[in-house]
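Here are the chains, one letter per residue:
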Amino acid sequence: AQSVAQPEDQVNVAEGNPLTVKCTYSVSGNPYLFWYVQYPNRGLQFLLKYITGDNLVKGSYGFEAEFNKSQTSFHLKKPSALVSDSALYFCAVRQTGANNLFFGTGTRLTVIP
Amino acid sequence: EAQVTQNPRYLITVTGKKLTVTCSQNMNHEYMSWYRQDPGLGLRQIYYSMNVEVTDKGDVPEGYKVSRKEKRNFPLILESPSPNQTSLYFCASSLPFPYNEQFFGPGTRLTVL
């Protein structure tokens, strides 16, 4: 069975500081990993994905994520946080052979001016 | 503009009164899916469709029905809604799964009294 964990419900970071939102996963076979962001009263928006290849994936709005197979992690990072990055972030995983995407419970990021 | 639309955006109804939430996409996507979002539980998949006339259960299908008679439309049907179906619902679509990111609609907030 596939699963994904976002261990932090809430992450607070000062504007201009680096940010990390954590995600770990459990799948059979190779994982396909995604990050989405949800702004207030909006649907989810795609940020980035890892399918294969380079472990460091770059996405929208300056975000990046590093796939770490040994630690089964896919943490989302940004070198310098903006107040506008404040939102709810979801990690999602699909395992080989599955036709559905499994989402984590979300992490609320607050960037403090 | 490429988009996924849902109607209605807000709905308050009573237990047992059948309702349909419509979902339409204009991107010619094969894959469509319905999710519900609940606090502390993240997004959970209700049903998905790989293509026209092909639907399958997700993680929480009880109490819901779907149909996919046309490529662009994927309505969610609650035959006899109950209060535990009060939630925020999202429709999503994508090019053929599994490598492609999903595009989400704006959400439908349903309250069942």
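Since the model is a prediction, treat every value here as computed from it, not as a measurement.

Cut-offs used in this document
- Residues numbered from 1 in each chain as written.
- Chains lettered and ligands numbered in written order.
- Predicted model: local features only at pLDDT ≥ 70, side-chain atom pairs only at ≥ 80, totals over all residues.
- Heavy atoms only, no water.
- Contact = heavy atoms within 4.5 Å.
- Buried area = accessible area lost by both parts, 1.4 Å probe.
- Salt bridge = Lys/Arg side-chain N within 4 Å of Asp/Glu carboxyl O.
- Helix = DSSP H or I, 4+ residues; strand = E, 2+ residues; numbered from the N terminus.
- Nonpolar A, V, L, I, M, F, W, Y, C, P; charged D, E, K, R; others polar.
- Pairing = 2+ DSSP bridges.

## Some details on the interface of chain B and chain A
Here comes step 1: Listed per partner, the contact involves 23 residues of chain B and 22 residues of chain A.
Here comes step 2: Carbon and sulfur atoms supply 57% of the area buried between chain B and chain A, which totals about 1700 Å² over both sides.
Here comes step 3: A per-residue breakdown of the area chain B buries against chain A is headed by Leu-43, Tyr-99 and Glu-101 of chain B, which together make up 28% of the total.
Here comes step 4: Between the two partners, chain B and chain A, sit one salt bridge.
Here comes step 5: For Glu-101 of chain B, the salt bridge identified is with Lys-49 of chain A, shortest N-O distance 3.1 Å.
Here comes step 6: Secondary-structure elements contributing two or more residues to the side of chain B that touches chain A are β4 (31-38), β5 (42-51) and β9 (87-94) of chain B.
Here comes step 7: The biggest single contributor to the side of chain B that touches chain A is β5 of chain B, with five residues.
Here comes step 8: Within the side of chain B that touches chain A, the residues separate by chemical class into 13 nonpolar, seven polar and three charged.

## A closer look at the sheet that holds strand β8 (residues 76-78) of chain B
All names here are of chain B.
Here comes step 1: Pairing is antiparallel across the open sheet formed by four strands, whose spatial order is β1-β3-β8-β7. Because the sheet does not close on itself, it has two edges, and the strands there are β1 (4-7) and β7 (65-66).
Here comes step 2: Judged from the four bridges that link them, β1 and strand β3 (residues 19-25) form a sheet pairing that is antiparallel. By the bridge assignment for β3, Thr-5 is matched with Ser-24.

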